[in-house]
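Take a look at the letters that make up each chain.
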Amino acid sequence: MEYRKISFNNRKNTSMQYYLFDVSIIIPCKNEGNNLKITLDSIMKAKNNACYEILVVDDGSLDDSTAFLNSDIYKNVTLIKTEGIGCAEARNTGARYARGKYLFFCDAHIKVPEMWLDDLVNTLQYKKAHLVTPCICDMSNISSEGYGVTWNERLQFTWILNNPNCVTEIPLSGAACLCIIREVFDKINGFNSLLKSYGMEDQELCLKAWLYGYKLVINPDVKVRHLFRKVHPYKVKETDIFYNMLCVAYCHFNKDRIIKIINMLKENNAFSSVLAEFKSNTDEIINQRKKFFKERIYNDDYFFQKFNIMF
């Protein structure tokens, strides 16, 4: 792993003593082509009063998409290089190096508006929330907007399409842009390190936050543009997605919901291989379940009933 320290010479004065920054922006990436540069340019050009740092976690890119960071223009960007540790651990790795009070997890293919950091941090403070996300707009069709995420009857990622027109509690958020108070992130154990390369890591974090007694809201007036790609620039295995779904169920759900997940996944031919791999990690998963059940305030019934999710 490589770590390039940033210069703090231009850091603004802050009343916080423990944190060096108000905000840490953490961007995992892999084979992003020119998207990462576009994202960083957008972030660096946007006006904000918040003092922030940017950390890029390059998880084994093969396309030299982070080579441009050698330019003096990006000398204050921290580059961390890892090798195929997956989305959850890439974000956790960025968080371990972060020195901000608020962690902003962002995709490497977004464009941000003016004052987005200030507006979202202020939302947390004034609404006494612990996680916040903006409205996510399709970069190729800005009239297409999502106002947070929920699950359908098959536990599938489903955009909330109705604009609440005010700061509102939502069940889940994707990680295209998600802010969480650093202390809360640590208390809920960050992203689940047992999850594989891709799938459900952002949803699991939000679910866990609710179960631990924290609150997630959306500010629909802050609009972040996101590039929705038809194909991932790296291999995503269907079996990893199924594995992660099963892992989330075993870590957080009651027995009836676990059985429902298993019966649903049995419909896929790859389930036997997923189950075999899952069984090899049973001890770790059971230990994590015990830890979460001991620490959390609410059970999964609370979450599903609160947001009227029929699963």
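As the structure is a prediction and not an experimental result, all values here were calculated from the model.

> Which parts of the structure should I look at to understand the overall build of the chain?
When its secondary structure is counted, the chain shows 10 helices and 13 strands. For 311 residues, the compact-globule estimate of 2.2 N^0.38 gives 19 Å, and the C-alpha radius of gyration of the chain, at 19 Å, lies within 12% of that figure. With the principal axes as the frame, the chain shows a C-alpha extent of 55 × 40 × 40 Å. Residues counted as buried form 53% of the 311 residues belonging to the chain. A sequence separation of at least 24 residues applies to 77% of the contacts in the chain between residues at least 6 apart. Accessible surface computed for the chain: about 14,800 Å², of which carbon and sulfur atoms make up 48%. Averaged over its 40 positive side-chain charges, the chain has a centre that lies 3 Å from the centre of its 36 negative ones.

> How should the layout of surface pockets be read in this particular structure?
Rolling a probe over the atoms, with the probe sized like a water molecule, indicates the empty space that remains. By volume, the largest pocket amounts to about 1,100 Å³. Of all elements in the fold, only β2 (21-29), α2 (86-97), β10 (157-159), α5 (201-211), α6 (238-252) and α7 (255-265) reach the threshold of two or more residues within the lining of the largest pocket. By residue number, the principal contributor to the lining of the largest pocket is α2, which donates 4 residues. Residues that form the lining of the largest pocket fall into these classes: 22 nonpolar, 11 polar and 12 charged.

> Whenever I open this one, the side chain of Asn219 confuses me. Can you help?
Residue placement: Asn219 occurs in strand β13 (residues 216-226). At 3.0 Å, the side chain of Asn219 and the backbone nitrogen of Asp221 are in polar contact. Setting aside chain neighbours within four positions, we find Asn219 in contact with Asp119, Leu120, Thr123, Val132, Thr133, Pro134, Cys135 and Val167.

> Would you mind showing me how to read the packing of aromatic side chains here?
The description of an aromatic ring pair uses the distance of the two centres, along with the angle that the planes make with each other. If you walk through the whole model with that rule in mind, you get 20 aromatic pairs. Ring centres of Tyr212 and Phe292 lie 6.5 Å apart, and the angle between their planes is 75°; on these two criteria the pair is classed as edge-to-face. Of the two residues, Tyr212 sits in the loop between α5 and β13 while Phe292 sits in helix α9 (residues 282-295), which places them 80 residues apart along the sequence. Considered together, Tyr212 and Phe292 belong to a single accessibility category, that of buried residues. Note on Phe253 and Phe311: the rings are 6.5 Å apart at their centroids and 50° apart in plane angle, and the pair reads as tilted. Of the two residues, Phe253 is situated in the loop between α6 and α7 and Phe311 in the segment after α10 (300-306); the sequence distance between them amounts to 58 residues.

> What is the right way to read the nonpolar core from this model?
In a soluble, globular protein the nonpolar side chains are often hidden away together inside. The biggest cluster of nonpolar side chains holds 99 residues, and the ones touching the most others in it are Ile25, Phe104, Trp116, Trp151 and Phe303. Of the residues forming this core, the biggest block, 8 residues, is contributed by α6. Filtering out sequence-adjacent residues up to four positions away, Phe104 remains in contact with Val23, Ser24, Ile25, Ile26, Trp116, Leu117, Leu120, Val121, Leu178 and Cys179.

> Would you mind going over the environment of Thr158 with me for this structure?
Topologically, Thr158 is positioned in strand β10. On the basis of relative accessibility, which here comes to 26%, the residue Thr158 falls in the partly exposed class. Along the sequence, Thr158 and Cys137 sit 21 residues apart, while their C-alpha atoms lie 15 Å from each other. Residues contacting Thr158, with those up to four places away along its chain left out, are Gly148, Val149, Thr150, Trp151 and Asn152. Polar side-chain contacts of Thr158 include one of 3.0 Å to the backbone oxygen of Gln156.

> I keep staring at the confidence of the model for the chain and nothing clicks. Help me out?
Atom-level detail of predicted coordinates should not be read off regions where pLDDT is low. Here the chain averages 92 in pLDDT, while 94% of its residues score no lower than 70. Here residues 1-17 is modelled with pLDDT under 50, and outside its nearest four sequence neighbours on either side it reaches 40 contacts, counting other chains as well.

> Looking at this structure, I do not really get the pairing of β2. What am I missing?
Every regular strand shows the same layout, with side chains that alternate between the two sheet faces. Most of β2 sits out of view: 9 of its 9 residues are buried. Bridge count for β2 against strand β3 (residues 52-59) is 7 bridges, and the pairing is parallel. Bridged to Ile25 within β3 is Ile54. You can see the chain leave β2, run along helix α1 (residues 35-45) and come back into β3, and the turn it takes is right-handed.

What counts, and where the lines are drawn
- Residues numbered from 1 in each chain as written.
- Predicted model: local features only at pLDDT ≥ 70, side-chain atom pairs only at ≥ 80, totals over all residues.
- Heavy atoms only, no water.
- Helix = DSSP H or I, 4+ residues; strand = E, 2+ residues; numbered from the N terminus.
- Rg over C-alpha atoms; globule rule 2.2 N^0.38 Å.
- Buried < 20%, exposed > 50% of the residue type's maximum accessible area, 1.4 Å probe, protein only.
- Contact = heavy atoms within 4.5 Å.
- Areas by Shrake-Rupley, 256 points an atom, 1.4 Å probe, with all protein chains shown as cover.
- Lys, Arg positive; Asp, Glu negative; His and termini not counted.
- Charge placed at Lys NZ, Arg CZ, Asp CG, Glu CD.
- 1 Å grid on protein atoms, 1.4 Å probe; cavity = no way out; pocket = protein on both sides within 12 Å on 5 of 7 lines; lining within 4 Å.
- Points joined across faces, edges and corners; volume = space filled by probe spheres on them.
- Nonpolar A, V, L, I, M, F, W, Y, C, P; charged D, E, K, R; others polar.
- Polar contact = N/O pair within 3.5 Å; in protein donor to acceptor, adjacent residues only side chain to side chain.
- Phe/Tyr/Trp six-rings, centres within 6.5 Å; stacked < 30°, edge-to-face > 60°.
- Core = buried A, V, L, I, M, F, W, Y, C linked by side-chain atoms within 4.5 Å.
- pLDDT = per-residue confidence, 0-100.
- Pairing = 2+ DSSP bridges.
- Right-handed = clockwise from strand over helix to strand, strands pointing away.

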